[in-house]
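# A structural walkthrough
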Amino acid sequence: GQQVMQIPQYQHVQEGEDFTTYCNSSTTLSNIQWYKQRPGGHPVFLIQLVKSGEVKKQKRLTFQFGEAKKNSSLHITATQTTDVGTYFCAGPGNNDMRFGAGTRLTVKP
Amino acid sequence: DTEVTQTPKHLVMGMTNKKSLKCEQHMGHRAMYWYKQKAKKPPELMFVYSYEKLSINESVPSRFSPECPNSSLLNLHLHALQPEDSALYLCASSLQGSGSSYNEQFFGPGTRLTVL
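My aim in this report is to walk through the structure given alongside it, one point at a time. Note that the coordinates shown come from a computational prediction; the quantities given were computed from them, not determined experimentally. (Residues numbered from 1 in each chain as written. Chains lettered and ligands numbered in written order. Predicted model: local features only at pLDDT ≥ 70, side-chain atom pairs only at ≥ 80, totals over all residues. Heavy atoms only, no water.)

### So, the overall build of chain A
We apply this condition: The numbering of helices and of strands both runs from the N terminus, where a helix is a DSSP run of H or I of at least 4 residues and a strand a run of E of at least 2. What the globule rule says is 2.2 Å times the number of residues to the power 0.38, and the radius of gyration is computed from C-alpha atoms. Only protein chains enter the area calculation, which uses a 1.4 Å probe; residues under 20% of their type maximum are buried, those over 50% are exposed, and those in between are partly exposed. Every residue pair with non-hydrogen atoms within 4.5 Å of one another is taken to be in contact. Computed with a 1.4 Å probe, the accessible areas rest on the Shrake-Rupley method; for each residue, only the protein chains presented here act as cover.
Along the backbone of chain A there are zero helices and eleven strands. Listed N to C, the secondary structure of chain A is β-β-β-β-β-β-β-β-β-β-β in terms of helices and strands. The C-alpha atoms of chain A give a radius of gyration of 13 Å, which matches the 13 Å a tight globule of 109 residues would have. Looking at the 109 residues of chain A, the share that counts as buried comes to 48%. Here the contacts in chain A between residues at least 6 apart in sequence split such that 54% fall between residues at least 24 apart. Entry remark: accessible area of chain A is about 5300 Å², with carbon and sulfur atoms responsible for 50%.

### What about the interface of chain A and chain B?
This is how the line gets drawn: Accessible area that two parts lose when put together, with a 1.4 Å probe and added across both, is what the buried area reports. By convention in these notes, a salt bridge is any Lys or Arg side-chain nitrogen within 4 Å of a carboxyl oxygen on Asp or Glu. Polar contacts here mean pairs of N or O atoms no more than 3.5 Å apart (in protein, one a potential hydrogen donor and the other a potential acceptor; neighbouring residues in sequence count only if both atoms are side-chain atoms). Three classes are used, and their members are as follows: Ala, Val, Leu, Ile, Met, Phe, Trp, Tyr, Cys and Pro are nonpolar, Asp, Glu, Lys and Arg are charged, and the others, Gly among them, are polar.
Counting residues at the interface gives 23 residues for chain A, matched by 21 residues for chain B. Carbon and sulfur atoms make up 55% of the surface buried where chain A meets chain B, a total of about 1700 Å² over both sides. Linking chain A to chain B there are one salt bridge. Here Glu 58 of chain B ties to Arg 98 of chain A by a salt bridge, and the two come within 2.7 Å at their closest N and O atoms. The interface formed by chain A and chain B contains four residue pairs in polar contact (both at pLDDT 80 or more). Sorting the residues of the side of chain A that touches chain B by element identifies strand E4 (32–37), strand E5 (44–49), strand E9 (85–92) and strand E10 (97–99) of chain A as the ones contributing at least two each. The residue inventory of the side of chain A that touches chain B, partitioned by class, reads ten nonpolar, ten polar and three charged.

Set out below in structure tokens:
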């Protein structure tokens, strides 16, 4: 099945700074999903992108799907301590979704 | 009801024990999943049930045995586990059966398993 590569593995920012995580695939993705897992918690669905070049916003979070549908990004503007956690992208595998390695975000107050 | 519940929250078992993990959802979802998650790693798919039938088994050792008694319940029976099986076991569900990638997954809080 397809695999999505996610970078960076870790990101430590000062509160108020921006943050971006990237997912890349060697093949075209039909869709991509993003999840957030807080420390000690479970993954929570954030959004799904389907269309080429799609951009969706949720408050301070901006999600993009590349024109070629091979990459995606999640950008957080002006991070807050509540943004702490691991952000996973997930792309289609064989009849299921496969998670990227995740980007762990820590925010210094 | 928009949540997935899992019991127990924590489980400690010896290598000779038999135990079961339970998962329940009442959202009418037709796909249910078991994942294993080690610390600082992504969830790793173990099994997928679609319309109460096992549709995906990711080459999981036979000491893990899934069961789907009905569309709302999913069990994972554990027997003769090894210490390296210690992990967070997550259950998830999605609206449609597997085969459709257009479904968000709802995760339960997980069972943290320790094998001594």
